[in-house]
Structure formats: C-alpha cells, structure tokens
Amino acid sequence: MKILSNWLRSYLPGLTAGDRELAEALTLRGIAAEGIFDLGPGKGFLFEMDITTNRVDAMNHYGIAREAAAIYGLALAPLEAPLPAASGATQPAVEVRIEAPDLCGRFTARALSGVRIQPSGGAVRERFALLEQKLISNAVDATNYVTLAMGHPTHAFDRDKVEGAIILRRARKSERLKTLDGVDRLLDPEDLVVADERKVLALAGVMGGWETMIAPETKNVLVEAAWFDPLSIRRSSKRHGLHTDASHRFERGADFNAPPLASALVSQLLLSSGGSVEGELVDVIVPDAMARTAGRAAIPLRRGEVRRILGATEDGRGVDWERSQLVLEALGCSLQVEGPDACRVTLPSWRLDLEREIDLIEEIARIYGYNRFANTLPGFSGAVVSPPERAKEDTARRSLLAVGWSEAISSSFCSAADADMFAPQPGITVAVANPLSEEAGMLRPSLAPGMLAMLAYNLNRDVYDVQLFEIGTCFSAAPGRVDERPALSLGLAGSSAASPHLPSRPFGFYDLKGAVEELLERFSIRSIYFDALPSGAGPAPAWLHPLRSARAVADGETVACFGELAPAQARQRKLRQTVFVGEIYLDRLYRLPLRRPIARELSRFQPVRRDFSFIFPASVRWQQIASALDELSLADLAAFAPREIFRGETVRDSRAKDGKRPAGGLPADHYSILIGTTFQSFTGTLRDEELQRYSEAVVAALESLGGKQRG
Amino acid sequence: MSDPEKPATIDFSPASLDRLFQAHRSEFDRDLADAHNDTGREAVRIKWLGRKQGKLALYSSGYMQQAPSPDAKKEVGRRFNELKQHVESRLEGLASGSQSETAAGEAAIDVTLPGMRRRPGAEHPLIKTMHEIVAVFEAMGYSIGVGPEVETDYYNFESLNFPPNHPARDTQDTLLIAGQEAKPLRERLLMRTHTSPVQMRTMERQPPPVRIVIPGKVHRNDAADATHSPIFHQVEGLCVDENITFSDLKGTLDHAMKALFGSAVKTRFFPSFFPFTEPSADVQISCIFCGGSGCRKCKQSGWIELLGCGMVDPAVFAFAAQKQPAYDAGKISGFAFGMGVERLAMMKYGVSDIGQFYSGDVRFLEQFG
Ligand SMILES: [Zn+2]
C-alpha cells in the first residue's frame with residue numbers, strides 16, 4: 001500500500017522528524033515501510049507499506065498519522081468535513097431498511113442533488129498522480145480518496161436509478177447482479193446485498209452494481225457509507241472470487257463510527273464542483289452490532305501484568321506506566337484511572353483487534369520500541385528429553401553417510417498409480433482434496449516412488465552413478481485417521497567410481513544388501529535372516545525383480561525389502577539402466593534397541609585358515625550352508641565366509657593370467673564354492689589332530705547338504 | 001649385563017623363554033634401526049647371521065646344550081626358529097631394496113594421477129541446517145518435540161487461535177486430505193502448514209515448565225517456483241514457565257543467533273502479527289555475509305529477516321488448559337519462535353532455486369559432502 005509522507009504531515013502539524021526517520025520509526029513499530037522513494041523537491045516521499053492483516057485501521061493515511069502521533073507524542077489534527085446545510089426540507093431524501101441486521105450493522109445514506117460529474121482536480125488529482133492511482137471521475141475518485149485518507153470504503157449510486165427505499169437484505173434465490181466489472185453474477189442466498197424495492201443495487205461491501213453506476217450524465221447521487229459484518233463480506237468475496245479494496249477492509253473489521261464522517265468527506269469533495277445536500281443523513285444503526293464494536297465495555301489494564309509479560313528494558317527502569325497510558329490515549333483509547341497501578345481502558349471503535357489486556361500490553365511494547373527491551377535469559381527448570389527415535393534416526397543416517405550414501409529429500413506426494421503400486425496393502429492410500437497436480441494427488445504410502453523419481457531425474461541428466469537414501473514419513477489410511485510411519489529408502493545405480501583412471505565396478509544387488517546389513521548391524525537384533533521375497537501372496541512388492549530381490553527379517557519382523565527394480569517398472573519409467581531400490585521399515589527397526597558395542601576377549605593364539613572347495617546343487621543357499629556350520633557349534637571355528645562362487649563357465653583365479661580359468665566339470669544346476677574358514681582357540685595353539693577333526697566335521701556337514709568336496 | 005658372546009644361564013620355563021627371546025628380538029630391531037647404510041646393514045647381518053660367531057649360531061648351540069629335557073629343547077627350538085625367521089626376513093627385505101632400487105625396465109608410477117577415494121555420502125543441506133539450529137537450542141536446555149505431518153484443523157489452526165473463517169487462515173494455503181467433509185471442521189485432516197501443532201500437543205501432554213524445539217517438514221498449497229515449494233521445513237520453539245518475559249524472548253533468540261552465526265551478529269525485533277502470539281515480532285539479524293555494511297544477499301540493507309516469534313497468546317494457553325489446567329495465563333507465560341530452514345540454507349549455501357533441495361540431483365547434493 002502506497003502512502004505519501006506529505007499527506008501524513010497534513011495531519012501532524014507538529015512533526016519535525018524527516019521522512020526517512022519517520023519511515024524508520026514506523027517500521028520499528030510494525031507499520032512497515034518496505035520501500036521509500038523520494039518524489040522530488042517539495043513532494044515528499046512515497047512509502048511502500050506492508051501492513052499486517054490485523055491492522056486494517058492503519059491501511060490509510062490518517063491511521064498511520066495516528067501511529068506517528070503516538071510514537072512522537074504529537075497532537076493529531078482532527079478529521080472534519082462540515083457540509084453546507086441541507087437544501088429544502090429536512091425530511092430524509094431516502095428511506096433505508098436493514099432487513100438483515102446480522103449482516104449489516106450500520107447503513108448511512110446521503111442524497112446529493114445537482115452534482116456535476118467531471119474529472120477530479122485539486123488535491124485529489126495531485127495525490128492520485130503521485131500514488132499512480134487511476135483517475136475515473138470526481139464521484140468515484142472521491143470515494144477512493146476517502147478510503148486512502150481515512151480507510152472507510154464508501155459507494156456512490158446514481159440516485160435517479162434507485163427505485164424506492166434502500167433495503168439491506170440477503171439475496172434471493174436465483175437473483176442476479178451485473179457488477180461494476182461487467183460480470184453478471186448469480187447471487188447466493190447468503191450474500192448481503194444493497195437493494196431497492198425492485199432490484200439488487202450492489203453486492204454489499206464488495207462491489208457496486210452496473211445499473212446504478214455513476215455516469216457522466218448523473219445529476220443526483222446517493223452516498224453510501226456503512227458497516228458490514230466482516231465474516232459475511234469475507235464469505236461473499238470468496239464465493240464470487242471478488243477481492244476488492246472494500247472487501248479487504250470490511251472483512252478485517254472496519255470502524256463502526258466512521259460512516260458519517262466518511263460520507264461527509266465524500267460529499268464535501270463531490271460538492272466542491274457543484275450541487276447541494278438534500279435532506280439529513282439517514283443513519284440506521286443495529287444496536288447489537290454497535291455493542292460488539294463501538295460500544296465495547298472497558299477492559300482492565302494492570303501495571304504488574306505489563307511488567308510480568310514484558311520484563312526488563314535496556315535502561316533498567318522498565319516500561320514507564322505514565323507514558324504507557326499516554327500511548328494508549330494517543331492510539332484512541334480512553335482511560336479511567338483506578339488507583340496507582342491499574343486503569344480501565346475503553347477501546348477505540350477502529351481497533352477491533354484490541355480486545356484484551358494482552359492486546360494493550362502489546363501496544364505499549366510496540367510503541368515503546370521492541371529494541372529498547374533488554375536481552376535476558378530465563379532461568380532453567382525442567383529436564384531435557386529427546387524422542388527415543390532421534391538417536392536411532394541419527395545412527396541410521398550416520399552409518400549410511402559414512403559408507404558413501406548421500407541423503408536426499410523427495411516429495412511427500414505421489415500419483416494415484418504409484419500409490420496403488422507401492423502401498424504395502426491395498427486400500428490404504430490417502431488422497432489430497434486440493435492437490436497441486438495430478439502427479440501429487442496422493443500422500444506417499446512408501447518412499448520408493450520418490451526414490452525412483454530421483455533416480456530417473458539423475459539418469460535423465462546423464463548422471464549415472466547414484467547412491468542415495470531418504471529418511472521420511474509414509475502415510476496410510478486408517479478408519480477416521482491417517483497413520484504415519486517413518487521409513488528409509490535406498491536408491492542405487494551406476495558404478496562405484498573410486499577414481500577416474502582405475503576400473504570402476506558396476507553396482508549390484510550385493511552393494512544394496514551391504515548397505516542394508518550395515519544399517520541393521522547398528523541395532524541389537526537377536527536373530528536375523530535374509531530371504532527371497534515370497535512369491536505370489538504376502539508382502540512381496542510387485543515393484544521388485546522377482547529373482548533379484550530380498551527381504552530382511554529381524555527378530556521375526558520384515559524390516560526391509562530391497563533389490564533390483566522390476567523390469568515392468570523400469571520400462572514404465574523409461575529407465576534403461578539397472579537400478580536398485582529398497583525400503584527399510586524404520587518403525588519396526590525403531591522397536592529394537594541400538595546395539596551397544598561390548599569388547600570381547602581376543603585370542604593370543606595363532607589362527608589357522610583352511611579352505612574347503614565344494615560343489616553344491618543350485619538349490620542349496622548360502623544361508624543353509626551357514627546354518628549347518630553354525631550348528632556344528634565348534635567353539636574354535638572363529639569365522640567362515642564364501643570366497644569363490646562359480647556358476648558359469650569360468651572361475652576367478654588370481655594365479656591365472658587374466659584372473660580366470662575354465663571351471664570345467666561342473667554338473668548342470670550345480671555351483672562350486674570355496675568356503676574359507678578360520679580356526680582359533682582361546683586356550684592354546686591348535687594341534688594337527690584337532691584341526692583334522694574340525695575339518696572332518698565341516699566336510700560332513702557340507703556333505704549332508706548335498707555338497708561334494710572337490711579334489 | 002650378560003656377556004654378548006655367551007648366553008647366560010637361564011631357567012627354561014616358557015615365561016622366561018618368552019622374555020629372553022623377546023629381548024633378543026628387540027636388540028636385533030634396534031641394531032637394524034641404527035644401521036643407516038649398506039655397510040652398517042652388512043655389519044648387522046654378520047653380527048646376527050655369521051656362521052660361526054653370529055649371535056643366532058651362538059644361541060642355537062648354547063641354549064640347546066643347556067636345555068634340561070626334550071620338552072625344553074622343543075620349546076627353545078620353536079622360539080629360536082621364530083627369531084631366525086624374523087632376522088632373515090628383515091635383512092632379506094632390506095637387501096632386495098638396497099641392492100638395486102628398481103628392476104630392469106620398471107617404470108615409475110604417475111603419482112600425480114588422482115587417488116582412489118572412498119567418499120562419505122553428503123549430508124542433505126536442509127537436514128544439516130536443521131541439526132545445527134536444533135543443537136543450539138539443545139545446548140540451551142530445550143528438548144526435541146515431534147508430531148504428525150497430517151494434522152487436524154484443531155491442532156493446526158483452531159487451538160492456535162486461528163478461528164474458523166478468520167483471514168489469518170488465508171496466509172497459509174492448506175493442503176486438505178480428501179473425504180473429510182462429513183466431519184466437524186476441527187476434526188478434519190490436513191497437511192500441517194507449520195510445526196506449531198506440536199507446541200499444543202506438547203502442552204496437552206505435560207504441565208509447565210516446557211522448553212521444546214521442533215524441527216519438521218510442513219506443507220502448503222503453494223505452486224513451486226524459485227523461492228516457493230509445497231514442501232518446506234521449519235524449526236520452532238516453545239518456552240513456558242512462570243515469569244517468562246518478552247525480554248527473555250529477546251535474550252534467548254539473540255543468544256541463539258550468536259551461537260549459530262558468531263558472536264558479532266546482532267538482532268533486532270519488529271512488531272508483527274501471528275494469531276498465536278501476542279506481542280508478536282519478526283527478527284532480523286545483521287547480515288552474516290557483509291557484517292551489516294550491505295551486500296547483494298541482504299539487498300543492501302545490512303539485515304536479514306530470519307525468525308518470527310512472540311509471547312504465547314493467552315488464548316492458546318486457554319486451549320492447552322482444557323487438558324492441562326496448569327496453563328493458566330494469569331500465572332504462567334511463555335514465548336514461541338519459528339524459522340524457515342530452506343530460507344536459511346539457501347542464503348548460507350547460495351542456493352538460488354528451492355526446488356534443488358527436493359530433486360535428489362546428485363550433482364547438487366554432492367557439493368555438501
Ligand atoms: Zn549483507
């Protein structure tokens with residue numbers, strides 16, 4: 001909103017501060033001048049103001065001048081508009097009936113006769129030019145000028161087009177009005193309208209009607225100045241998508257006492273180019289509305305409460321009680337002193353935002369200046385507690401960051417198709433009523449679609465090596481509510497590029513699994529296993545590759561599903577590279593405590609390594625081999641691991657020239673595996689006969705699984 | 001001190017054998033370390049491996065003769081062999097290097113090629129910024145508060161003194177959950193537009209004193225552009241106790257900003273309006289880039305707007321008191337504050353498009369590694 005410094009000064013004859021200083025002083029009091037522009041010699045400054053929505057009273061020159069008067073302790077020139085005596089009879093020239101007293105609290109009408117509609121001149125023309133406000137005609141400009149001057153919207157009708165009494169009522173069903181913007185509108189039975197006895201004249205407080213618009217040939221004018229219920233105006237404005245300067249002010253609460261003055265100011269301007277007042281001002285007041293606004297009961301203000309809320313000032317004296325009272329008076333309150341430490345405050349009709357003692361305390365602090373309060377620190381009491389998940393989330397994050405995964409954040413929303421595809425169960429998806437786009441129409445039931453979108457984003461920009469995780473919330477519908485669960489997604493594509501001149505290794509399933517293992521290892525899990533996703537029924541996500549995906553089960557609960565993206569999904573997303581994706585169900589993982597490292601004793605004796613080369617049927621999984629070795633319960637079997645696995649035509653051999661040699665002799669549907677073992681005792685150096693016994697046990701266990709030892 | 005030429009008389013317990021052979025090994029290591037050239041190393045070789053007078057030869061014959069039993073001989077033999085292996089391998093390793101530094105035709109490696117790096121992942125700049133803010137308040141005795149991202153109208157608006165149909169609601173375009181029309185307004189679900197609902201949930205759960213800091217993700221129905229995003233993050237705080245004052249609010253935020261940006265940072269407070277605080281303030285800090293002299297980042301003003309805050313409105317306490325009567329606005333008071341994480345991170349790291357935070361673009365994210 002634009003404000004002219006010279007216009008402000010016209011209300012503040014005693015103001016000595018310069019324009020820049022004034023702008024700064026106002027800004028520090030919350031009447032923010034966001035920009036100030038020098039208009040040239042003698043023209044003062046233009047302030048571009050940003051007034052908060054609660055301060056509709058300051059959205060005009062006089063209101064801002066009042067603030068300056070309070071800040072500087074100056075007198076504010078009174079606003080007056082004496083009109084020439086009414087010509088002819090003192091009989092009201094028009095009848096006004098308020099038939100919707102809940103929506104219209106006050107309505108004034110003044111009849112002017114023999115006016116001349118012409119371009120504005122004088123102060124109106126000058127100030128509008130500086131404000132870059134469009135000039136229309138003296139009648140319309142007068143209403144706009146008064147709004148800029150003192151904030152109360154008014155409206156001028158061509159009185160010759162009004163038929164009979166003015167009636168404030170709700171619109172009738174199917175009633176229509178062509179508004180000043182030329183739009184023919186179907187009115188709602190909850191819209192407050194200004195009507196005459198035959199038709200609707202205006203959408204009250206929002207916009208006037210086309211038919212009674214002031215035209216060049218208009219001779220007789222009816223000036224409306226009224227007070228409308230804020231909520232009613234807000235609803236009409238929203239309903240018709242019509243946000244006007246008038247509706248903006250009325251819906252924030254206009255000044256109940258302003259209509260007669262606003263009407264006089266408009267009339268005075270219009271009469272300056274001819275015409276006369278006809279009859280007395282018609283002023284209809286709804287007592288209930290007045291009681292809620294201009295007639296509010298006084299409220300108490302206690303000195304102790306001011307101190308309790310505001311605290312210490314920089315000068316150490318605290319907020320001055322006498323000065324506080326003067327400030328409130330300058331803002332329009334009237335004070336009735338009740339002893340040395342209390343008073344009763346009658347609130348100004350234009351400050352509907354003031355209702356309670358705390359509101360007055362805010363005014364005192366505001367005008368005093370926030371930056372004149374001291375910086376103190378409250379004493380400490382209570383205990384510091386963190387949500388239990390916090391340490392777990394931090395641990396998950398840190399462990400993945402440490403091994404090369406970068407953290408990403410994706411949208412909380414997804415498309416309906418993705419919601420259906422990625423929801424862990426059918427029928428639990430949650431739709432947004434007013435989404436930003438169809439693609440963001442649902443709350444994400446899983447982090448996987450967001451991760452796939454991020455993978456695609458990178459691959460589409462020729463960034464092929466991607467290693468990302470996200471920690472976030474997933475949503476699912478439950479009866480009457482939306483459930484939220486924390487989850488972690490992993491996305492992997494490309495290869496581990498350690499150095500540009502050394503061979504890189506393409507990422508594979510086991511890189512993803514490694515990250516899952518890394519993460520799970522941070523938690524104290526009694527038993528954990530990984531298996532292929534059960535096909536068909538159950539929790540097998542259809543978005544994972546049926547042969548190259550897995551789940552992790554910790555203490556009986558599935559805590560992760562991960563693997564290569566299903567080919568159909570990859571095709572649908574136009575991903576030509578192999579990508580790996582996984583989701584970790586943090587809600588389940590968080591039920592487990594974090595693992596606390598415990599030092600165990602280390603053996604002083606030499607470890608002995610033994611390798612076992614075996615051929616197994618393809619159906620035998622490493623998990624079975626590992627279980628079989630575990631079940632041997634050999635205390636001295638310190639470690640074992642799968643080393644070389646061969647399923648195809650060659651096997652890795654570091655001694656061969658190209659690092660490979662033909663495997664040869666593998667029966668169909670079999671694979672060879674080299675199992676490395678380490679034996680170590682805590683009680684002594686292992687003897688040959690012990691090692692022999694252990695080896696035999698290992699071989700027997702492996703053979704019992706169908707394995708054949710290779711020579 | 002024993003005669004170096006002749007092994008001392010010893011008892012043959014395993015422990016003293018261990019001690020003895022460890023001493024020999026240390027002596028050899030010292031000799032070798034003291035030998036700085038080929039001549040010196042040759043002397044060490046002769047001293048230890050000389051065929052007749054070499055120490056190992058002497059020990060071998062000496063200890064074996066003294067060993068009282070076959071078992072003792074075995075113990076000595078094992079340790080002796082270990083020592084010999086050690087001596088030989090160390091001397092051998094040196095020899096291969098010293099005789100000729102390079103094999104014929106061997107080329108030098110290019111040490112200027114980039115090394116093999118295992119980079120840690122990059123922390124997300126928003127998460128990192130959020131953690132930094134939270135850490136400052138944790139150090140001031142604040143606990144962390146969390147709450148749901150899908151909220152009811154009651155917690156997101158009504159209990160924070162946004163009455164139904166109030167214009168203040170217009171400033172927060174809200175994403176609504178579908179299918180809620182049949183419910184009363186206060187029970188309707190929406191995506192929280194700020195983390196403030198956690199303040200009310202916390203007060204309902206525990207009587208004062210309360211001191212919490214709330215980091216979290218929030219959503220608004222804002223079309224995305226360079227500075228707007230339907231998703232963003234906030235850190236809010238709440239402090240409630242007896243005798244909490246506006247000057248405490250000022251002091252707390254001034255201290256926190258100094259802890260975050262350095263002790264030279266200044267703060268200033270402007271009146272503002274939020275439905276849930278009264279008095280309300282916007283807080284500016286002196287520009288962290290130019291120190292206040294004016295630069296592009298602060299639009300030449302020397303100040304950067306960073307926080308909204310205020311004293312908790314008594315109306316908010318009245319809502320809390322419905323479940324926890326101790327929130328009696330006549331007896332307790334408090335302040336609340338909040339800041340946008342994106343705004344701060346964009347400024348701090350020079351990010352020009354807010355959308356980059358949510359794209360997952362590896363090139364963008366890796367800059368923060
Ligand atoms: Zn700057």
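Residues numbered from 1 in each chain as written. Chains lettered and ligands numbered in written order. Predicted model: local features only at pLDDT ≥ 70, side-chain atom pairs only at ≥ 80, totals over all residues. Heavy atoms only, no water.

## Comments concerning the overall build of chain B
A count of helices and strands for chain B gives 11 helices and nine strands. At 37 Å, chain B has a C-alpha radius of gyration far larger than the 21 Å of a compact globule built from 369 residues. Principal-axis analysis of the C-alpha atoms gives chain B an extent of 105 × 55 × 45 Å. Taking the contacts inside chain B whose residues are at least 6 apart along the sequence as the reference set, 67% of them involve residues at least 24 apart. Surface accessibility of chain B: about 17300 Å² in total, with carbon and sulfur atoms responsible for 51%. Once the 42 positive and 46 negative side-chain charges of chain B are each reduced to a mean point, those two points are 5 Å apart. (Helix = DSSP H or I, 4+ residues; strand = E, 2+ residues; numbered from the N terminus. Rg over C-alpha atoms; globule rule 2.2 N^0.38 Å. Contact = heavy atoms within 4.5 Å. Areas by Shrake-Rupley, 256 points an atom, 1.4 Å probe, with all protein chains shown as cover. Lys, Arg positive; Asp, Glu negative; His and termini not counted. Charge placed at Lys NZ, Arg CZ, Asp CG, Glu CD.)

## Some details on the domain arrangement of chain B
Splitting chain B by domain gives domain 1 (14–107) and domain 2 (125–368). Computed over C-alpha atoms, the centres of domain 1 of chain B and domain 2 of chain B are 72 Å apart. (Domains from an automatic or database assignment.)

## Concerning the pattern of salt bridges
All names here are of chain A. The final tally for this structure, using the stated rule, is 65 salt bridges over all chains. Residue glutamate 175 is joined to arginine 169 by a salt bridge in which the shortest nitrogen-to-oxygen separation is 2.8 Å. Between lysine 199 and aspartate 196 there is a salt bridge whose closest N-O contact spans 2.7 Å. Salt bridges linked by common partners bring Arg55, Asp57, Glu67, Arg351, Asp353, Glu363 and Arg366 together as one network. (Salt bridge = Lys/Arg side-chain N within 4 Å of Asp/Glu carboxyl O.)

## Brief notes about the packing of helix α1 (residues 14–34) of chain B against helix α3 (residues 55–66) of chain B
All names here are of chain B. Taken N-terminus to C-terminus, the directions of α1 and α3 make an angle of 170 degrees; their axes are 13 Å apart at the nearest point. With respect to each other, α1 and α3 are oriented roughly antiparallel. In this structure, α1 contributes Leu20, Phe21, His24 and Glu27 to the contact, and α3 contributes Lys55, Tyr59 and Tyr63. (Axes fitted to C-alpha atoms, helices over the stretch in contact; angles between N-to-C directions. Parallel < 35°, antiparallel > 145°, perpendicular 65-115°, else oblique.)

## What to know about the interface of chain A and chain B
Contact residues are listed per partner, giving 87 residues for chain A and 90 residues for chain B. Across the interface of chain A and chain B, roughly 6800 Å² is buried in total on both sides, 57% from carbon and sulfur atoms. Three residues stand out in chain A for area buried against chain B, namely Arg308, Tyr370 and Ile409 of chain A, and they jointly supply 11% of the buried area on that side. For the pair chain A and chain B, the interface holds two salt bridges. The tally of links between chain A and chain B comes to 32 residue pairs in polar contact (both at pLDDT 80 or more). The residue inventory of the side of chain A that touches chain B, partitioned by class, reads 39 nonpolar, 24 polar and 24 charged. (Buried area = accessible area lost by both parts, 1.4 Å probe. Polar contact = N/O pair within 3.5 Å; in protein donor to acceptor, adjacent residues only side chain to side chain. Nonpolar A, V, L, I, M, F, W, Y, C, P; charged D, E, K, R; others polar.)

## Describing the environment of proline 607 of chain A
All names here are of chain A. Positionally, proline 607 belongs in the loop between α18 (586–589) and β30 (608–617). With relative accessibility at 33%, the residue proline 607 sits in the partly exposed group. Here the alpha-carbon distance between proline 607 and leucine 637, two residues 30 residues apart in the chain, equals 9.7 Å. Not counting the four nearest positions on each side in its chain, proline 607 is found in contact with Thr678, Phe679 and Gln680. (Buried < 20%, exposed > 50% of the residue type's maximum accessible area, 1.4 Å probe, protein only.)

## Digging into the nonpolar core
Ranked by internal contacts, the top residues of the largest apolar core, which has 97 residues, are Leu301, Val345 and Leu360 of chain A together with Phe137, Leu253, Leu306 and Phe357 of chain B. Every residue in contact with phenylalanine 137 of chain B, bar those within four places of it in the chain, is listed here: Tyr142, Val213, Thr252, Leu253, Ala256 and Phe337 of chain B. By size, the runner-up hydrophobic cluster in this structure holds 60 residues, among which are Leu15, Met59, Ala68 and Leu112 of chain A. (Core = buried A, V, L, I, M, F, W, Y, C linked by side-chain atoms within 4.5 Å.)

## Digging into unusual backbone geometry
The step from proline 208 of chain B to proline 209 of chain B runs through a cis peptide bond, and the omega angle for that step is 5 degrees. Note that proline 209 of chain B resides in the loop between α7 (197–205) and β4 (210–219). Phi angles above zero are rare outside glycine, and aspartate 555 of chain A is one such case at about 45 degrees. Along the chain, the position of aspartate 555 of chain A falls in the loop between β27 (544–554) and β28 (557–565). In the Ramachandran plot, serine 633 of chain A falls in the positive-phi region, its phi being about 50 degrees despite a non-glycine side chain. Within the element layout of this structure, serine 633 of chain A appears in the loop between α19 (622–631) and β31 (637–646). Looking at serine 633 of chain A, the relative accessible area reads 60%, which means it is exposed.

## Brief notes about the coordination of the zinc ion
Residues and elements named next belong to chain B. Distances from the zinc ion to its protein donors, namely Cys287 (SG), Cys290 (SG), Cys295 (SG) and Cys298 (SG), fall within the range 2.2 to 2.3 Å. With four donor atoms in place around the zinc ion and angles of 102 to 114 degrees between them, the coordination shape is tetrahedral. Of note, the donors binding the zinc ion are all from one chain and are spaced C-x2-C-x4-C-x2-C. Relative accessible area serves as the criterion here: at 2%, cysteine 287 is assigned to the buried category. (Donors = N, O, S within 2.8 Å, 3.2 Å for Na, K, Ca; no water. Tetrahedral: all angles 85-135°; square planar, octahedral: opposite > 155°, others 65-115°.)

## Details of the side chain of aspartate 359 of chain A
Tracing the backbone shows aspartate 359 of chain A in helix α12 (residues 357–368). A relative accessible area of 2% means that aspartate 359 of chain A is categorised as buried. A polar side-chain atom of aspartate 359 of chain A sits 2.8 Å from the main-chain amide nitrogen of arginine 356 of chain A. In this structure aspartate 359 of chain A touches Asp353 and Leu354 of chain A together with Glu278 of chain B, once residues within four positions along its chain are discounted.

## Focus: helix α16 (residues 509–520) of chain A
Residues and elements named next belong to chain A. Given a rise of 1.5 Å per residue, 12 residues ought to cover 16 Å, and the 17 Å separating the end C-alpha atoms of α16 matches this to within 8%. Of all the positions in α16, only Phe509, Leu512, Lys513, Ala515, Val516, Leu519 and Leu520 are classed as buried. On an axial view of α16, the arc spanned by its buried residues comes to 155 degrees, and they lie on one face. (Expected span 1.5 Å × (residues − 1). Arc of directions from axis to C-beta.)

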